[in-house]
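Coordinate inspection notes
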Amino acid sequence: MKAVVYGVSTEGYSIAKALTLKGIDAAMIDEGKGMAISIRSEIAMSYASVNALMEDEPLLRLEPESNAIASADYIFFTPIVKRLGQEAYNEISSKLKTIAKHLKGNSTFVYCIPTGIGGNKEILDIIERASGMNITSSNKGSNGKLNYCYMPIMPDGMVYIVGSNSNIDQLIYSVCEQLNMNTNIKVRGMDINSAEVVYAIKVLANYLPVVTSFEVCKGIDESIYNTLINEKWLSDVFIDDLTMALFDMYMLANSMENNILVHMVNNCIRSIEGYSKHLVDRIRLLLKRNELRASRTRILVAWSIDSNSIRSDRMITLTSLSSRLRDYIGEVNRYNDLNTNISMYYDDKTLLILTCSRRDHERVMNKHSKGKDNVIIIKANPMCEVVSNK
């Protein structure tokens, strides 16, 4: 039995390792190079991350992606999608067409990218047209049957549901259990239409409260900031949490037919994308109140982002935020915990460190030199909280 994971994403590598540990002959396809990397058990144990794996790619056993797909019994679709909305859909469609023409009959295609309600029907249409195989009826056409599963991976990397209009293979459940290791999550199997609805409800239920917290705090009176800062659940929510499901929101927005839901989801997207502007406005106000000149200020943005995630929403948001900051403060740099020495930025300029996740905030607070009068730390949370540097 052979399985192929299409896309060198973090989620894809987790699936490839899970397959290998189950004794399955697995490979990962680097779609940028059109080559498949064999993932043997010793490789799964030696390389902790997909970044480490890709650094040694020239030394690993490779084969053309067309050969790998044509011989695969299972194909897991986990590419890195670099865009949002309609552009993301176009990018995904292009990749699906590339894969589909090499699929063999009686193989199982597992789609792991979240989609909106009704989105799988469009995906199935693309695969059927490009492959010449039928997915819904058995043995129709000379090329046989193709099995299809919808296994959306949540922003936290977990899998809660698997959708299929036929029996779901036990191997799929085994992969999900491996991804959900050390959690109490029980994967539920259901038909594809139901899976789309359940996933949409789960995304909205999980992330609407986060969006609401940020939006409400944009317009509150300054006099209650100190009270709200003491609310730890609010103080410890960052832009990282706000944007982690932006990709999913766009997918839902493109599929909703209910006018109220369309309005709700589109407003969430506007709120998420509008936070960067609000944050820059708060920084501008902070400098003005402290009589600090933008030309005498530099910013370090501390945001650890997995550049190999299937979702690029955080990276897109970081790019937008950095651009807005540079429009006001010319010197904006990315803080990297491994190779950024904060002390090199200690000079006569005011250093503003913007922390964008709980993890990054803790690292910055542990590493920066306390007592520096010209260092200001701001949490990118609903209150745009200024942290004492003393």
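Residues numbered from 1 in each chain as written. Predicted model: local features only at pLDDT ≥ 70, side-chain atom pairs only at ≥ 80, totals over all residues. Heavy atoms only, no water.

Quick notes on the sheet that holds strand 13 (residues 375-379)
- Strand order in the open sheet formed by five strands is 11-10-12-13-14, with mixed pairing between adjacent strands. The two strands at the open ends of the sheet, each matched to only one other strand, are strand 11 (331-335) and strand 14 (386-387).
- As paired elements, strand 10 (residues 297-302) and strand 12 (residues 350-355) share six bridges and run parallel to each other. Residue Arg298 lies in a different strand from strand 12, and its bridge partner there is Leu351.
- Of the strands in this sheet, strand 10, strand 12, strand 13 and strand 14 touch helix 13 (residues 259-289), which is tilted by about 150 degrees from strand 12. (Pairing = 2+ DSSP bridges. Helix = DSSP H or I, 4+ residues; strand = E, 2+ residues; numbered from the N terminus. Contact = heavy atoms within 4.5 Å. Axes fitted to C-alpha atoms, helices over the stretch in contact; angles between N-to-C directions.)

Quick word on the pattern of salt bridges
- One pass over the structure, following the stated rule, counts 19 salt bridges.
- One salt bridge connects Glu31 with Lys95, and the closest N-O pair in it is separated by 3.5 Å. Of this pair, Glu31 sits in the loop between strand 2 (25-30) and strand 3 (35-39) while Lys95 sits in helix 5 (residues 85-100), and the two are 64 residues apart along the sequence.
- Owing to a relative accessible area of 15%, Lys95 belongs among the buried residues under this scheme.
- Here the salt bridges do not stand alone but share partners, grouping Lys232, Asp236, Lys379 and Glu385 into one network. (Salt bridge = Lys/Arg side-chain N within 4 Å of Asp/Glu carboxyl O. Buried < 20%, exposed > 50% of the residue type's maximum accessible area, 1.4 Å probe, protein only.)

Focus on the packing of aromatic side chains
- Evaluation of the coordinates by the stated rule reveals six aromatic pairs.
- Their ring planes at 15 degrees and their centres at 5.4 Å tell us that Phe77 and Tyr111 sit as a pair that is stacked. Of the two residues, Phe77 sits in strand 5 (residues 74-77) while Tyr111 sits in strand 6 (residues 108-111), which places them 34 residues apart along the sequence.
- According to the relative accessible area criterion, Tyr111 is buried, its value standing at 2%.
- Ring centres of Phe109 and Tyr148 lie 6.2 Å apart, and the angle between their planes is 5 degrees; this geometry places the pair in the stacked category. One end of the pair, Phe109, is in strand 6; the other, Tyr148, is in strand 7 (residues 147-150), with 39 residues separating them in the sequence. For the residue pair Phe109 and Tyr148, the accessibility class agrees, reading buried in each case.
- Within the aromatic cluster, the residues linked to one another by ring pairs are Tyr6, Phe77, Phe109, Tyr111, Tyr148 and Tyr150. (Phe/Tyr/Trp six-rings, centres within 6.5 Å; stacked < 30°, edge-to-face > 60°.)

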